[in-house]
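# Observations on the model geometry
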Amino acid sequence: MKKINIFIISILIITVYAKTSFAFTDTDSHWSKDTVLKMQDSKIITGYEDDTFRPDDCMTRAEFVTVINRMLDLEEESSKYIPDINRSDWYYSEIRKAVKVGIIEGDLDGMIHPEDKITR
């Protein structure tokens, strides 16, 4: 019985402390692979639901502020009304966090345009 308990506890410890990252299916031969994996290990990036990272795609405004929010460990959200985001949008909370600290702001109509590509 004691051996079984030690085995179970060992498995739990390994599971909790093991790295949870995996290689995205589209970064194996990409020049950014090492950096992408480091950012993934730090939980700054998560990639897409199809296990891709899409390193050569442009980022949207929503994706960009999500990365910045995670780097800054932001949690508090703005209560300001933002007309072009909905509670069902994956980025709803992230946009509201970025608005709260002034990382992003709306245009004259208050629109954020979260799905627009970022520019340099």
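Up top is the structure these notes are about.
In what follows, the accompanying structure is described. (Residues numbered from 1 in each chain as written. Predicted model: local features only at pLDDT ≥ 70, side-chain atom pairs only at ≥ 80, totals over all residues. Heavy atoms only, no water.)

Within the structure shown, the criterion is met by two aromatic pairs. On the basis of an interplanar angle of 80° and a centroid distance of 5.3 Å, the ring pair of Trp90 and Tyr91 is categorised as edge-to-face. For Trp90, a relative accessible area of 53% puts it in the exposed group. (Phe/Tyr/Trp six-rings, centres within 6.5 Å; stacked < 30°, edge-to-face > 60°. Buried < 20%, exposed > 50% of the residue type's maximum accessible area, 1.4 Å probe, protein only.)

Here the phi dihedral of Arg54 falls at roughly 60°; this positive angle occurs in a residue that is not glycine. Take Arg54: it is sitting in the loop between α2 (33-41) and α3 (61-72). Judged by its relative accessible area of 32%, Arg54 falls in the partly exposed class. At Asp73, a residue that is not glycine, the phi angle is positive and equals roughly 55°. Take Asp73: it is sitting in the loop between α3 and α4 (92-101). Owing to a relative accessible area of 58%, Asp73 belongs among the exposed residues under this scheme. (Helix = DSSP H or I, 4+ residues; strand = E, 2+ residues; numbered from the N terminus.)

So, on to the side chain of Thr52. Take Thr52: it is sitting in the loop between α2 and α3. For Thr52, the side chain forms a polar contact with the side chain of Asp50, separated by 2.5 Å. Reaching out from Thr52, the side chain makes a polar contact with the side chain of Arg54 at a distance of 3.1 Å. Setting aside anything within four residues of it in sequence, one finds Thr52 in contact with Phe24, Thr25, Asp26 and Gly47. (Polar contact = N/O pair within 3.5 Å; in protein donor to acceptor, adjacent residues only side chain to side chain. Contact = heavy atoms within 4.5 Å.)

Let's shift gears to the nonpolar core. The biggest cluster of nonpolar side chains holds eleven residues, and these are Ala62, Val65, Ile82, Ile85, Tyr91, Tyr92, Ile95, Ala98, Val99, Ile104 and Ile112. If you list the elements that add at least two residues to this core, you get α3 and α4. If one sorts the elements of this core by residue count, α4 sits on top with four residues. When near neighbours in sequence (up to four residues on either side) are disregarded, Ile104 contacts Arg61, Val65, Ile95, Ala98, Val99 and Ile112. If you look at the next biggest cluster of nonpolar residues, it comprises five residues, including Phe24, Val36, Ile44 and Val67. (Core = buried A, V, L, I, M, F, W, Y, C linked by side-chain atoms within 4.5 Å.)

Below, the discussion takes up the pattern of salt bridges. Within this structure, the stated rule accounts for five salt bridges. Across the pair Lys97 and Glu94 runs a salt bridge whose closest N-O atoms are separated by 3.6 Å. One end of the pair is Lys97 and the other is Glu94, both in helix α4 and three residues apart, which spans about a single turn. (Salt bridge = Lys/Arg side-chain N within 4 Å of Asp/Glu carboxyl O.)

Turning our attention to the packing of α3 against α4. Close contact between α3 and α4 brings their axes to 9 Å; oriented N to C, the two are set at 65°. For the element pair α3 / α4, the angle class is roughly perpendicular. Crossing of α3 against α4: the hand is left-handed. Touching Ala62, Val65, Thr66 and Asn69 of α3 are Glu94, Ile95, Lys97 and Ala98, all from α4. (Axes fitted to C-alpha atoms, helices over the stretch in contact; angles between N-to-C directions. Parallel < 35°, antiparallel > 145°, perpendicular 65-115°, else oblique. Left-handed = near helix turned anticlockwise from the far one by under 90°.)

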